[in-house]
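# Coordinates in review
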Amino acid sequence: MPTAMEIYKLLPKKNCGECKFPTCLAFAMQLANLKVALEACPYVSPEAKAALEESGAPPVRLVTFGAGESAAKTGDETQLFRHDKTFYHPTVLGLVLDCAQGLDKVRAGLDDVKGLVFERVGQQVRVDAVAVKQSVASADVFAEAAEAACSQALPVVLMSEDAKAMAGAAAKCKSRPLLYKATPANIDAMVEVAKSSGCPLVIGGAPNLDELGHLAEKAKKAGVQDIVLEPAASTAAELLQNMTTIRRAAIRKKHRPLGYPTIAVLGRSQSDQLRGALGVMKYSSIVLMDDLPREFVYPLMALRQNIFTDPQVPIQVKPGLYTVGEPTEKSPVMFTTNFSLTYFTVRADIEKSKMPAWLLVVDTEGQSVMTAFAAGKLTPESVAKAIETEKVKEKSKRNEIVIPGMVSRMSGKLNELTEMKVTVGSRESSGIPKMMRTLSQ
Amino acid sequence: MGFDGAKESFPGRIKDVTIGATAEQGGTRGKRVVVGGSNGLPFHKWESEMPHVPAVAMDVVDTERMVPDVLHGTLGALAKEPVEWARKCQEWGADMLVLKLASANPEEENRPVEACEALVKEVLKSVQLPLLVYGCGSEEKDAKLMEAVSNAGRGERLFLGLAEEKAYKSITAAAMANGHGVVAFSNLDINLAKQINILLLDFGMKPENILMDPLMAPLGMGLEYSYSVIERLRTGALVGDPVLQVPIICDCSCAWTVPEVLEEAPQKGPQLQRGVHWESITAEAAMVAGADIVILRHPETVAKVKAATAELRGGA
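Not measured: the values here are computed from a predicted model.

### Some details on the overall build of chain A
- The number of helices and strands found in chain A is 17 helices and 17 strands.
- Against the globule reference of 22 Å for 441 residues, chain A gives a C-alpha radius of gyration of 28 Å, more extended than a compact globule.
- In terms of principal-axis extent, the alpha carbons of chain A reach across some 80 × 70 × 35 Å.
- In chain A, which comprises 441 residues, the proportion classed as buried is 46%.

### What about the sheet that holds strand β10 (residues 293-296) of chain B?
All names here are of chain B.
- Taken in spatial order, the 8 strands of this open sheet run β8-β7-β6-β5-β4-β3-β10-β9, and their pairing is parallel. The open sheet is flanked by β8 (210-213) and β9 (249-251), the only strands paired with a single partner. Adjacent strand axes in the sheet meet at a mean angle of 25 degrees when their direction is disregarded.
- Where strand β7 (residues 181-185) lies against β8, 4 bridges are found, and the strand directions are parallel. Residue pairing in the sheet places V183 in a bridge with L211 of β8.

### Looking at the packing of helix α9 (residues 236-252) of chain A against helix α10 (residues 299-313) of chain B
- Put simply, α9 of chain A and α10 of chain B touch, their axes get as near as 6 Å, and they point 55 degrees apart. When the axes of α9 of chain A and α10 of chain B are compared, the pair comes out oblique. Facing α9 of chain A, whose interface residues are A236, A237 and L240 of chain A, α10 of chain B presents A308, E311, L312 and R313 of chain B.
- Class assignment for the residues of the contact of α9 of chain A with α10 of chain B results in 5 nonpolar, no polar and 2 charged.

### Considering helix α8 (residues 209-221) of chain A
Residue and element names in this part refer to chain A.
- End to end, α8 covers 18 Å across 13 residues, agreeing with the expected 18 Å (1.5 Å per residue, within 8%).
- Within α8, burial applies to L209, L212, G213, L215, A216 and A219. In an axial view of α8, the angular spread of the buried residues amounts to 160 degrees, which keeps them on one side of the axis.
- In the segment just after α8, G223 is the residue with positive phi, at about 110 degrees.

### Here we look at the sheet that holds strand β10 (residues 227-229) of chain A
All names here are of chain A.
- Here 8 strands make up an open sheet; going across it, the order is β10-β9-β8-β7-β6-β3-β12-β11 and the pairing parallel. Whereas interior strands pair on both sides, the edge strands pair on one side only; in this sheet they are β10 and β11 (263-265). Adjacent strand axes in the sheet meet at a mean angle of 25 degrees, parallel and antiparallel pairs treated alike.
- Where strand β6 (residues 129-133) lies against strand β7 (residues 156-159), 4 bridges are found, and the strand directions are parallel. From the neighbouring strand, V130 faces β7, where its bridge partner is V156.
- Helix α5 (residues 139-150) contacts β6 and β7 of the sheet and is inclined by roughly 170 degrees relative to β6.

### A look at the interface of chain A and chain B
- Across the contact, 40 residues belong to chain A and 39 residues belong to chain B.
- Elements with a contribution of two residues or more to the side of chain A that touches chain B: α8, α9, α10 (270-281), α11 (294-307) and α12 (340-353) of chain A.
- Among the elements that make up the side of chain A that touches chain B, the one with the highest residue count is α11 of chain A (10 residues).
- By residue class, the composition of the side of chain A that touches chain B is 23 nonpolar, 9 polar and 8 charged.

### Considering the domain arrangement of chain A
- The domain architecture assigned to chain A consists of domain 1 (4-56), domain 2 (63-307) and domain 3 (320-438).
- Placing the centre of domain 1 of chain A and that of domain 2 of chain A at their C-alpha centroids yields a distance of 37 Å.

### Here we look at the nonpolar core
- In terms of nonpolar packing, the biggest core is built from 228 residues, with V132, L179 and L201 of chain A together with A57, L97 and V294 of chain B touching the most fellow members.
- Lining this core are residues from two domains, each supplying at least three of them: domain 2 (63-307) and domain 3 (320-438) of chain A.
- Leaving out residues up to four positions away in the same chain, V294 of chain B has contacts with P54, V56, A57, C250, C252, A283, A286, M287 and V305 of chain B.
- Grouped together as the second largest cluster of nonpolar side chains are 9 residues, L10, C19, L31 and C41 of chain A included.

### As for the environment of Q367 of chain A
Residue and element names in this part refer to chain A.
- With respect to the helices, strands and loops of the structure, Q367 is situated in the loop between β15 (357-362) and α13 (369-374).
- Q367 sits 30 residues away from T337 along the chain, and the two C-alpha atoms are 6.9 Å apart.
- The contacts of Q367, once residues within four sequence positions are left out, are P314, T337, F339, A372, A375 and K377.

### Comments concerning the pairing of β15 of chain A
Residues and elements named next belong to chain A.
- In terms of burial, β15 is a largely internal element, 6 of the 6 residues being buried.
- Residues A357, L359 and V361 of β15 are buried on one face, and the alternating residues W358, L360 and V362, pointing to the opposite face, are buried as well.
- The pairing of strand β13 (residues 320-324) with β15 spans 5 bridges and is classified as antiparallel. When the bridges of β15 are listed, L321 appears paired with L360.
- Chirality of the crossover, the property in question, places the unit of strand β14 (residues 333-337), α12 and β15 among those that are right-handed.

### Remarks on the environment of K133 of chain A
All names here are of chain A.
- By the element assignment, K133 lies in strand β6.
- Separated by 25 residues in sequence, K133 and L158 place their C-alpha atoms 6.2 Å apart.
- K133 has contacts with V96, L97, D98, C99 and M159, leaving out every residue within four places of it along the chain.

### Brief notes about the packing of α9 of chain A against α10 of chain A
All names here are of chain A.
- Put simply, α9 and α10 touch, their axes get as near as 10 Å, and they point 15 degrees apart. Between α9 and α10, the crossing angle belongs to the class labelled roughly parallel. The two elements α9 and α10 cross, and the hand of that crossing is right-handed. In this structure, α9 uses A236, L239 and L240 to contact α10, whose residues at the interface are L274, R275, L278 and G279.
- In terms of residue class, the contact of α9 with α10 is built from 5 nonpolar, 1 polar and 1 charged.

### Section: unusual backbone geometry
- Cis rather than trans, the peptide bond between Y180 of chain A and K181 of chain A has omega equal to 5 degrees.
- Position of K181 of chain A among the secondary structure elements: in strand β8 (residues 178-182).
- Here the amide bond leading from G161 of chain B into L162 of chain B is cis, since omega sits at 0 degrees, within 30 degrees of zero.
- Mapping L162 of chain B onto the fold places it in strand β6 (residues 159-163).
- Phi at K13 of chain A is positive, roughly 60 degrees, even though this residue is not glycine.
- By the secondary structure assignment, K13 of chain A is in the loop between α1 (4-10) and α2 (24-32).

### Here's the deal with helix α14 (residues 380-389) of chain A
Residue and element names in this part refer to chain A.
- Restricting attention to buried positions, one finds in α14 the residues P380, V383, A384 and I387. Viewed end-on, α14 has its buried residues packed into an arc of 100 degrees, placing them on one side of the element.
- The first or second residue beyond α14 is K391, which carries a positive phi of 50 degrees.

### Focus on the environment of A79 of chain B
Residue and element names in this part refer to chain B.
- Within the secondary structure, A79 sits in the loop between α1 (72-75) and α2 (82-91).
- Distance from A79 to P106, taken between C-alpha atoms, is 20 Å for residues 27 residues apart in sequence.
- Here A79 is in contact with E64, V67 and H72, once residues within four sequence places are set aside.

Cut-offs and rules
Residues numbered from 1 in each chain as written. Chains lettered and ligands numbered in written order. Predicted model: local features only at pLDDT ≥ 70, side-chain atom pairs only at ≥ 80, totals over all residues. Helix = DSSP H or I, 4+ residues; strand = E, 2+ residues; numbered from the N terminus. Rg over C-alpha atoms; globule rule 2.2 N^0.38 Å. Buried ≥ 20, exposed ≤ 12 C-beta atoms within 10 Å, placed from the backbone. Pairing = 2+ DSSP bridges. Axes fitted to C-alpha atoms, helices over the stretch in contact; angles between N-to-C directions. Parallel < 35°, antiparallel > 145°, perpendicular 65-115°, else oblique. Contact = placed C-beta atoms within 7 Å. Nonpolar A, V, L, I, M, F, W, Y, C, P; charged D, E, K, R; others polar. Expected span 1.5 Å × (residues − 1). Arc of directions from axis to C-beta. Domains from an automatic or database assignment. Core = buried A, V, L, I, M, F, W, Y, C linked by C-beta atoms within 7 Å. Right-handed = clockwise from strand over helix to strand, strands pointing away. Left-handed = near helix turned anticlockwise from the far one by under 90°.

As structure tokens, this is what we get:
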């Protein structure tokens, strides 16, 4: 964002007050803080408006493809490191379907992609796009495959370097596919297709990033706003260097020609899988692959979930009464907090004991035991309430609750509130297996 | 235009740390492994030096208890034969070994110090790789154990672990007595990681004898915390904090404790291959964030990770 003084220089300096601020400088300060919109000034010149919009645009443009709820959002990132704030738009993972294999295979591939949906830590994770590649197929087959893909609730990438075939395929799609791709050889014709269809366009095939930026500028001048960049990424080293350089140029230098989301189109080899994971970590907005076997795509999606987790918000598990093993009325009850790391650690340690147990997860807004206790989010009252809501006394008839050793101080009060026997457990989760063996059977 | 401005350089550099000693240095290892030495972000070869790619260590655990069922097909009888297991790791291409003496734990097998010491000697005799030796985590037992291990490995330039804020003196003293190094452990916190290094330095440990383990949480189990802690530790070192200019070691064998690896779940793909990907991606994330050594368990992961480092390093 420009500073208040930079904005002020572009304002009419009339101090008319019609924007509801006493002076143009005051208005500029509000603008710089994104508190008001430029439209509040009736006298701003079109030139100033264009200049301000340009400098106020996000460093990496937001580009959307697909339609409706399943539309894929890419770009609009503001950081190089997730710990500096967060990464906003998880890498879009897509499977490439080659039309050369025939329409039946493409249709079967579409079904495969729709089946790549998993439930992970309470979230639905999925392969979220499909790419239809013309390769050696005729323009008609390509168009038909495109139509089949676009009729699914999945964002689609159309892959052809033949502008005519691309125009035909794009005409069959109502769901705003991403067009892949314009190269130095076909850029003028592809830009026309993108303009007339209103679809976002991938620009690639440039020998270096300077040239890639030039091509993007050219497309932009010709009227295509929604651009995705494909830098060379034939090895992991090249992918890392180019993706990092593009992201840095956009964010640190506000270098507009490279201020777009990126795509990496990979194959099916072990090296491609490595680059796929690298792309998720290092700035690829879209990763397309020829093959997504379940044993690879599932951990890859776990990686995407991890990397794109907002570091400012702890990951939480749902509060409630969980079972470890197959507990009965005689099994012990323990509690912990709903910070996911705490929960998973405690759960794993109970499992190590090989004894079944009830695990009560108390809502602490995702804080760990000590943090929540210190912040008053884990109190005898909140634990007692959870015991009641989850009907713990009906599930286990021991009338006993094991509490984390770190919060032994709540024993008395908890006993008073619940009339349960309170047993102080180990201070560290790792002590749970040993502690469990000492519990009376 | 032009992106020279996009190159970044840092004033700091990670120290070179050498693990193992050959006959020349008074040991019996077949080779030494040097890690660290970089003055830029991981694999940023276009703007910085990375003299050594991350090294691959394999772990050997001296009790079957720590080997999950899914690995029985791979490790088989080796899980009962740590010496044989160690030999296999050498064949599988490991750069170094981490021998975990978990059976010494008084809460578990409670194997006597003498037996553990004998095992260390046997492994040193059977395998030429540089060796790291981890205790069982019981402070009292490890104090005696590490003293014995240190003596058993005199001259070999072992690295002993894990030195923690609450228990670092005896293990560090044991290491210093015979010119070994230590692995400084901290629990997913950049300040604690710095704190343990300061304690070790104040205790008299030389910085070139320290590796730091900031706790690698496996994929899907808090990996993002480790990823960011490691990135921050590495940038902290590069911008000039001398206390953090220590190579980072990440134990990625933790992938084999993740419930999503230990469950059959055919809809998530064949279990063993899923596990190998799980461990590989964990290791890749560790290296991209800044790890100088990754500890692995499965031989296929070793091959994958070695291919990855070669490709990331590029032709130069």
